[in-house]
Amino acid sequence: NRAVPMNHPPMPVASSVPPSKHPAVRVCAPGLGLLFVAYSAFLNAGYRVDDSFILYRYARNIANGIGPCFNPGEYVEGFTSFLWTYLLAGWIRLGFDVAQAGSWMGLAFALGALVWIHGIALTISGKPSLAWIVTILAAFSGPLAFWAAQGLETPLYAFALLGAIRFDLREREDPGRERPAALSV
């Protein structure tokens, strides 16, 4: 076993066509996104975990000017994600139903996570076909699809973590190019 040097050479790029302009992306990506949303809706039909309603109550109270509390006057931190709760409160202030906003935000961040997964797989393998296989497997992973529409912060964290990994890999490809990797965490 030999130690891997810290200075990694740039990773090869598989195709001269940028991934965003590849014809398969224009055809497959929207279809995969719609299939993911349909699969998530199928897994979540008529069911939502109770923890999401705790966040919804805190978000409603924040949006209504009461502050971050479950019951007015009882200021006990009972939510797991400051950012997610305040994002939900913002949607409530804009007039949206909190449960729908939580589900749609979760689906949007989960779809974004799939974009990062595709980019990571393409960077590591250098093979667009393998990157699509990895992305499709991730899209139809039961846990990702299930938690995407539950109204909790899980998809946001997945998106942020995968974004940081993607930026790190891109930075390794071209170390001289400045990227905001730290901002994605």
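All values derive from a computational prediction rather than experimental measurement.

## Quick look at helix 4 (residues 98-125)
Between its first and last C-alpha atoms helix 4 spans 40 Å; for 28 residues at 1.5 Å apiece the expected length is 40 Å, and the two agree. Counting buried residues along helix 4, 20 of its 28 residues qualify, which places the element largely inside the surrounding structure. The backbone nitrogen of Ala-99 has a side-chain oxygen 3.3 Å away, supplied by the residue at the start of helix 4, namely Asp-97. A positive backbone phi angle near 75 degrees is found at Gly-126, which sits one or two residues after helix 4.

## Here we look at the side chain of Ser-81
The residue Ser-81 is located in the loop between helix 2 (50-63) and helix 3 (82-93) in this model. Judged by relative accessible area, Ser-81 falls into the buried class, the value being 1%. Look past the residues within four positions of Ser-81 in its chain and what remains in contact with it is Glu-153 and Tyr-157.

## Side note on the environment of Phe-36
Structurally, Phe-36 is set in helix 1 (residues 23-43). Sequence separation between Phe-36 and Leu-114 is 78 residues; the distance between their C-alpha atoms is 9.7 Å. Contact partners of Phe-36, with chain neighbours within four places excluded, come to Leu-107, Ala-110, Leu-111, Leu-114, Ala-139, Leu-144, Ala-145 and Ala-148.

## Section: the nonpolar core
The biggest cluster of nonpolar side chains holds 18 residues, and the ones touching the most others in it are Phe-36, Leu-107, Leu-114, Ile-117, Ala-139, Ala-148 and Leu-162. Broken down by secondary-structure element, the contributors of at least two residues to this core are helix 1, helix 4, helix 5 (128-139), helix 6 (142-148) and helix 7 (154-173). Per-element tally for this core: the top contributor is helix 4, with seven residues. Excluding its chain neighbours within four sequence positions, the residues that come into contact with Ala-148 are Phe-36, Ser-40, Ser-103, Gly-106, Leu-107, Ala-110 and Pro-155. Listed in part, the 17 residues of the second largest apolar core include Ile-62, Leu-88, Val-98 and Leu-156.

## Focus: the confidence of the model for the protein chain
Put simply, the protein chain has an average pLDDT of 81, and 77% of its residues get 70 or more. Within the protein chain, no element has a lower average pLDDT than helix 1, which sits at 70, and none a higher one than helix 3, at 95.

Cut-offs applied
Residues numbered from 1 in each chain as written. Predicted model: local features only at pLDDT ≥ 70, side-chain atom pairs only at ≥ 80, totals over all residues. Heavy atoms only, no water. Helix = DSSP H or I, 4+ residues; strand = E, 2+ residues; numbered from the N terminus. Expected span 1.5 Å × (residues − 1). Buried < 20%, exposed > 50% of the residue type's maximum accessible area, 1.4 Å probe, protein only. Polar contact = N/O pair within 3.5 Å; in protein donor to acceptor, adjacent residues only side chain to side chain. Contact = heavy atoms within 4.5 Å. Core = buried A, V, L, I, M, F, W, Y, C linked by side-chain atoms within 4.5 Å. pLDDT = per-residue confidence, 0-100.

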